[in-house]
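Letter by letter, the chains look like this.
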Amino acid sequence: MEKSSNSTTLGRTKSDQLLETLAAVFKSPTSQSDLAPGTSDSGGTLSRKSSRRLVVGASPARSSGGGSRNAHIRKARSAQMKLDLEELSSGAALSRASSASLGFSFSFTGFTVPPDEIADSKLFSDDDIPEDIEAGICRPKFQAEPTLPIYLKFREVSYKVVIKGMTSSEERDILNGISGDVSPGEVVALMGPSGSGKTTLLNILGGRLTHSAVAGSVTYNGQPYSKFLKSRIGFVTQDDVLFPHLTVKETLTYAALLRLPMTLTKQQKEKRALDVIYELGLDRCQDTMIGGSFVRGVSGGERKRVCIGNEIIINPSLLFLDEPTSGLDSTTALRTVQTLQDIAEAGKTVLTTIHQPSSRLFHKFDKLIVLGKGSLLYFGKASEATDYFSSIGCSPLIAMNPAEFLLDLANGNLNDISVPPELEDRVQMENSETETRNGKPPPQVVHEYLVEAYELRFSENENKLMDPLPLDEEPKLKVLSSKRQWGASWWQQYCILFIRGIKERRHDYFSWLRITQVLSTAIILGLLWWQSDSKTSRGRQDQAGLLFFIAVFWGFFPVFTAIFTFPQERAMLSKERAADMYRLSAYFLARTTSDLPLDLILPVLFILVVYFMAGLRLSAGPFFLSMLTVFLCIVAAQGLGLAIGATLMDLKRATTLASVTVMTFMLAGGFFVERVPVFISWIRYLSFNYHTYKLLLKVQYQDMVPPLKGIQTDNGSREVGALVAMIFGYRLLAYLSLRRMKLHS
């Protein structure tokens, strides 16, 4: 008992000593003075930018010395605390000591860390320290990797569109002289009501809109936009453009394989994709399909995080996001913006449009751009926005969300907002012309007043935008480079896109609806032509009708399947091509060839059923030649569908044109009309139905005596050559149409 009592007393003495050590560490003036600038003296807490992980050399705008010193101090304190814990472990009073990630949780006999001490120890949390050497835990923080800093400046950016009417055209201003700048390490919010030009400005700054109607200057490290920036810019669109049948892991893995530099191995790229998954909290749904309108998949917040992961996986210097919080609940939106802060603090430049953030979200932005009807109403620090509008006489009369207050002003709505004296005088002077029922000035007058007030303020601070950039010549010259940086070679791009295409479309091709359609048609044909006689002239005429139907069916079916290929993937193609994920030629060849293995499975089942049920020539040669003929017809018909879809890029118009074309080819196929007028007989030579029908007849009846009427005794090389020419000709037309669409956009 006495030994136990001594041991208990020793444990408590050590506990008291450790408590004093912790209090000295957390509350000593020395530790306060060693912290990075921006530290708050009250409570030992840090501001947002200094309390998060400090990256040495990530941004030229940040000081790197303080971060290195803090890391050294934290490691020294961690080692000292570990020694104290090892001494305590020899006493019986110590029941548990955990130092997994420097967020200590002690449980002693007679000793418990007070809650306020735990709150003060937030400086040493998992978010602050990427690695905990003592505990052997390493958290992947790839987004904290340093990257090329890019200072974005835009001056007097304007954009106009021409709206064509029935009798005249009208020119409408979308943006009117927008100016501002964004520096590395900042999260800038672009706010404004619907139709104010937020997305248009974001597209211009991101290099997605380089139309002749764009005026003004946009510079990146003092240089204009170049193709080099495509691999340095991440752009998250408002719509979630993803393949619905791919899982989260597959989506991010393919993005990593295509976009990350060639210097990384395949294993390193796949590891980077896993790091993104865990960093964004997607590990629980990584094997779940993305989903879409008709496919159940991940939630809206998870889908949005996948879109963000697609862009941050390349460690971009500039990250643009178009309303990343739309449709998300407040907690998920807060988590998304928190992720953007983590990205920015590594020296990256983040600019995002946001519709109506909560008050918590609003206070997390560094800078704010407020647009109203295409004009700039405010640009500056987000924390100073309400003070600025108060200085010009617009103050909220009730407690409200700052974002709601700003959006009301941008809409010209002064309800629950004080009216500036200048506007009050104007309303009183003009009386009934401008005064509304509630005594408030009309929205147009409010808008003009806000624009004039900001222009006056901008003229005073205009020199700030003209300040030289704090950069050496090397970052400026890198941005000026016009050389594209591909993440994979042409062959690697083709292989990755080929595998991705098969995985994405296998669900559609092997759906029960499609299989039932093909097999039921084959069974009906087999029953109608059950064991038909090919020895008599009448029986051959009946079989000729069957062969012509086969040529028409496998000419009609692939055309209307291939029409949807490019129009449905237009958004994905535009998004990925804008980011230089792959070459258009690699995509086109992979997209067209990945369909072939899937497209040729159902025809094999069809021929197996029809050929033997109808009693066609039971010989290996005619059977395989008939199957090869059907394959040539399918591939040629697919080429026509691809060409029509790529040329029109509109499903309704493409379907109409395909219907007329296929009907014309069918009528000129040589079964309904044998003597076609000379002036229109050339159509049959463009018809794949005609050449397929002739080939099937030659395969079945060429060696029979007497031959079927109209069958020539050649080997069919002319028909084969015509089908092969159609296969390549139609696809070349489709490729040129896609190239023209890209240049036009």
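Here the residue numbers are simple positions, counted from 1 along each chain's written sequence. Owing to the predicted nature of the model, reporting of local features is limited to residues with pLDDT of at least 70; listing and counting of side-chain atom pairs is limited to 80 or more, with chain, interface and lining totals taken over all residues. Excluding hydrogens and water, the side-chain values take into account all heavy atoms of the structure.

Colleague: Please explain the packing of aromatic side chains as it appears in this structure.
Modeller: Where two aromatic rings form a pair, the distance of their centres and the angle of their planes describe that pair. Note on aromatic pairs: the rings of Phe, Tyr and Trp (six-membered ring only in Trp) are paired at centre separations within 6.5 Å, and the planes decide the class, stacked below 30 degrees, edge-to-face beyond 60, tilted for the rest. Within this structure, the stated rule accounts for 32 aromatic pairs. Measuring from centroid to centroid gives 5.8 Å for Trp554 and Phe557, while their planes differ by 80°, and the two rings are edge-to-face. One end of the pair, Trp554, and the other, Phe557, are both in helix H20 (residues 537-562), 3 residues apart, so they sit about a helical turn from each other. In this structure, Trp554 and Phe557 share a single accessibility class: buried. Consider the rings of Phe556 and Phe560, whose centres lie 4.6 Å apart with planes at 40°: the pair is tilted. Secondary structure counts use DSSP, requiring at least four H or I residues in a row for a helix and at least two E residues in a row for a strand, with both numbered from the N terminus. Here's how the labels work: a residue is buried when its accessible area is under 20% of the maximum for its type, exposed when over 50%, partly exposed in between, all with a 1.4 Å probe on protein chains only.

Colleague: Where do I start with the pattern of salt bridges in this structure?
Modeller: The term salt bridge refers to a side-chain nitrogen of Lys or Arg lying within 4 Å of a carboxyl oxygen of Asp or Glu. Going through the model one piece at a time under the given rule, you end up with 14 salt bridges. Across the salt bridge formed by Asp240 and Lys304, the nearest N and O atoms sit 3.1 Å from each other. On the criterion of sequence distance, the pair formed by Asp240 in the loop between strand E9 (233-236) and helix H7 (248-259) and Lys304 in helix H9 (residues 300-312) is long-range, its members being 64 residues apart. Its relative accessible area of 30% is what places Asp240 among the partly exposed residues. Residue Arg505 is joined to Glu569 by a salt bridge in which the shortest nitrogen-to-oxygen separation is 3.5 Å. Taken together, the positions of Arg505 in helix H18 (residues 490-509) and Glu569 in the loop between helix H21 (565-568) and helix H22 (570-578) put the pair 64 residues apart, joining distant regions of the chain. A single network of salt bridges, built from pairs that share partners, joins Arg505, Glu569, Arg591 and Asp595.

Colleague: Honestly, the environment of Ala636 in this entry has me stumped. Any pointers?
Modeller: Along the chain, the position of Ala636 falls in helix H25 (residues 620-648). When residues no more than four places from it in sequence are discounted, the contact partners of Ala636 are Phe688, Leu723, Met726, Ile727 and Tyr730. Any two residues having at least one pair of non-hydrogen atoms within 4.5 Å are treated as being in contact.

Colleague: So what exactly am I meant to see when it comes to the pairing of strand E12 (residues 367-372) here?
Modeller: Successive residues of a regular strand alternate their side chains across the two faces of the sheet. For E12, the buried fraction is high: 6 of the 6 residues fall into the buried class. Because side chains alternate across E12, one face comprises the buried residues Lys367, Ile369 and Leu371, and the other comprises Leu368, Val370 and Gly372, equally buried. Relative to E12, strand E7 (residues 187-191) is paired through 4 bridges, and the arrangement is parallel. Looking across to E12, one finds that Met191 is bridged to Val370. Strand pairing is assigned whenever DSSP detects at least two bridges linking the two strands.

Colleague: Please clarify how unusual backbone geometry should be interpreted in this entry.
Modeller: In terms of backbone geometry, most residues other than glycine have negative phi values and most peptide bonds are trans. In the Ramachandran plot, Glu156 falls in the positive-phi region, its phi being about 50° despite a non-glycine side chain. Considering the arrangement of structural elements, one finds Glu156 in strand E5 (residues 152-164). In this model, Gln531 sits at a positive phi of 45°, which is unusual for a non-glycine residue. On the secondary structure map, Gln531 appears in the loop between helix H19 (512-528) and H20.

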